[in-house]
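One-letter residues, chain by chain:
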Amino acid sequence: MRITSVARVLRKPFDGVGRAVAFLTTGILVQLAPLLVLAVPWLNGGPTEALSVIVAVLVPLSAVALATPVLTAAQTARFRTRLGVAIPRLPAVAGASRTDRARQWLRTPATWRQIGYHLLAGPLIALAGALTLLLWAAAGVAAGVYVWIWALPPETRVEHLGYTTQAVYVTATGLAGLYGAAWLSRALTRLDTRTATARLGPSRAELLQMRVEEVTESRAGVLDAADAERRRIERDLHDGAQQRLVSMAVNLGLAKVTLKDLPDDARKVIDEAHREAKEAIAELSNLVRGLHPAVLEDRGLDAALSGIAERAPLPVGLTVHLPVRPAPAVEAVAYFVVSEALANVVKHARAGRADVRVETRGGILLVVVTDDGVGGAAPEGGTGLAGLAKRVASVDGTFSISSPAGGPTVVTVELPCAP
Amino acid sequence: MRAVIAEDSVLLRIGLVKVLETAGFDVVAETGDAEAVLAAVEEHRPGLVVLDVRMPPGFTDEGVRAALVIRKQWPDTAVLLLSQYVEERYAADLLSGDTRGVGYLLKERVADVEEFIDALRRVAGGGTALDPQVVSQLLLRRHSDPLDRLTPRERDVLELMASGRSNAGIAQALVVSESAVAKHINSILAKLDLPKADADHRRVLAVLRFLGVG
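Per an unreviewed UniProt entry, chain B goes by DNA-binding response regulator and derives from Streptosporangium nondiastaticum.

By the naming in an unreviewed UniProt entry, chain A goes by histidine kinase and is assigned to Streptosporangium nondiastaticum.

Peer 1: Explanation requested: a nonpolar patch on the surface in the structure shown.
Peer 2: Residues and elements named next belong to chain A. There is a patch of nonpolar side chains on the surface, built from L120, L124, L127, L131 and L134 and spanning about 550 Å² of accessible area. Structurally, L134 is set in helix α6 (residues 109-143). Here L134 falls in the exposed class, since its relative accessible area comes to 58%.

Peer 1: Help me understand the sheet that holds strand β2 (residues 26-31) of chain B, please; the structure alone is not making it clear to me.
Peer 2: One key point about sheets: their strands pair by backbone hydrogen bonds, in either a parallel or an antiparallel sense. Residues and elements named next belong to chain B. Across the sheet, which stays open at both edges, the six strands sit in the order β2-β1-β3-β4-β5-β6 with parallel pairing between neighbours. Every interior strand has two partners, whereas the edge strands, β2 and β6 (128-130), have only one. Going across the sheet, the axis of each strand differs from the next one's by a mean of 20°, ignoring polarity. This element, helix α1 (residues 10-22), spans β1 (2-6), β2, β3 (48-52) and β4 (78-83) of the sheet and lies at about 165° to β2.

Peer 1: Just checking my understanding: could you explain the interface of chain B and chain A for this structure?
Peer 2: Put simply, an interface is often sized by how much accessible area is lost when its parts join up. Contacts between the two partners involve 30 residues from chain B and, on the opposite side, 33 residues from chain A. Together, the buried faces of chain B and chain A total about 2,700 Å²; carbon and sulfur atoms form 54% of this surface. Where chain B packs against chain A, one counts two salt bridges. Two residues, R54 of chain B and D298 of chain A, come together in a salt bridge whose shortest N-O distance is 2.5 Å. Counting the contacts that link chain B with chain A gives eight residue pairs in polar contact (both at pLDDT 80 or more).

Peer 1: How should the pattern of salt bridges be read in this particular structure?
Peer 2: Pairs may arise between side chains of opposite charge once their charged atoms sit close together. In total, this model carries 26 salt bridges over all chains according to the counting rule given. Between E214 of chain A and R211 of chain A there is a salt bridge whose closest N-O contact spans 2.9 Å. Taken together, the positions of E214 of chain A and R211 of chain A, both in helix α10 (residues 204-258) and three residues apart, correspond to about one turn of that helix. Salt-bridge contacts for D131 of chain B lead to R109 of chain B; the nearest nitrogen and oxygen are separated by 2.7 Å. Taken together, the positions of D131 of chain B in the loop between β6 and α6 (132-141) and R109 of chain B in the loop between β5 (102-106) and α5 (113-124) put the pair 22 residues apart, joining distant regions of the chain. Each of E229, R232 and D236 of chain A takes part in one network of salt bridges that share partners.

Basis of the calculations
Residues numbered from 1 in each chain as written. Chains lettered and ligands numbered in written order. Predicted model: local features only at pLDDT ≥ 70, side-chain atom pairs only at ≥ 80, totals over all residues. Heavy atoms only, no water. Patch = residues over 30% accessible without salt bridge, like charges linked within 9 Å, V, L, I, M, F, W, Y side chains within 5 Å. Areas by Shrake-Rupley, 256 points an atom, 1.4 Å probe, with all protein chains shown as cover. Salt bridge = Lys/Arg side-chain N within 4 Å of Asp/Glu carboxyl O. Helix = DSSP H or I, 4+ residues; strand = E, 2+ residues; numbered from the N terminus. Buried < 20%, exposed > 50% of the residue type's maximum accessible area, 1.4 Å probe, protein only. Pairing = 2+ DSSP bridges. Axes fitted to C-alpha atoms, helices over the stretch in contact; angles between N-to-C directions. Contact = heavy atoms within 4.5 Å. Buried area = accessible area lost by both parts, 1.4 Å probe. Polar contact = N/O pair within 3.5 Å; in protein donor to acceptor, adjacent residues only side chain to side chain.

Structural data, given as structure tokens:
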């Protein structure tokens, strides 16, 4: 029991050392390539004139810098396979042409961080790694000094060394060296990991930015999918159930017109069925309008909003000024805002009239719905305003409401849309 | 009178044929797209064409464009457009020339068979039939002018007038006497500085001109 715990304490510094050594070794190998490139001009003594010295330094440096993507990929693979450390990839630079992309690449701070790693931090750590490997070897030899002595022929052993106490010191130093090499290996591995994560991967800000871009993209995808789904349902209803209902109502209406000599009760039944069919058509139209009206898709906000304004049970002034059509998702939200805001006015405001204004200002689609009602509307009041604010936020819009007691109520919504 | 129908929904087309035949029209051709309807009009020279706005191949405003061609090439042919929804611009395009024999109705109005037959006959007879919703949307656009001077009742009368109803039709719809309607109309025409006119469609023309459409 005791012995095992002592052994555990003694062994502790060597935990995971094999992995660290393998990691450092591959680091040296990967680093050899750029070092060789840098060393090429100097292999045969090197140039002596100032100009050629500069060329001999600059050309290999540029070569290594240009090879940065490949080197980064190699290092990233090393960290992944040797340590299981994932260094996130940086987003590819965007650009129309090759020159554009190159210029963009050179302007990215991450590029310079990576070049810095490959030319400075990487070689230094590889050098330290090489020294550590040497220390391993030396300490190993020293720690096993008795084995070497014992391997010598007895005559040589006696003749040259005698029974020296020096060997004890050598052994002790060797053992200490082994512990030092283990510690160094692990420390260097940690250092390299930290440095490489910081230099080769994205910075915290870049990481957050990438994440935000990802989230924005996926949110836009979800919104588009929901919009597409609403449009599909609208089309299905319009092409299917609605046509059948209209056809049925037409037949019933024709029966009313043509079958003049029916008994009264039969006529009543037909009347009733005809009315119900027409009501069903109206209800279905309302439902479809709430989903994603075809007029919005085909003709845009102006036409769709004048439909809403016309159907409102109070006078609604409508001013729409849109030089270009906004994105479908933005149009859908603007439509929803006006439709909900007017529904609220009808339900709660006891207003005499309402005004709707829609216009673009810079990259902003501005929607303002005003009424002359009693005011006192609050998003917390459960009046559908909270849902409205959420829908607006889904496209990064802002929602504000001013509704003092006694009115008037002004709902202002700003939706970002590309100018 | 000969009639041609262009409607891509088969169910509705069957219904339309029945309604038109009941109304006494002779349906000589029925098609599902805008190009075929022009060929049919060329061939049959009908008195009335009933067109869906949204038809193949583009499913946008093929019907409106076909209607405009018909209005131009065969001015004596009455045109009734049916639309899934109200687009004032379509109505404006259609009414921008001569408003004789023009109609623009929502598709669901077909279900009100009696009123729809009324509208068909009115349009075929050289009159006008505008969907009440089209009229009120057009009125909505002009909220800050002499229209404000009208009483709510006069506004109702104006809307019915603009949709192409006769005095008798307006009286029936509002449940008042015809003379009351005539009084309202005189008052409206006076308030809006519109010249008095005799025929129904001239009144519509005047109203639409005033609304900035005609």
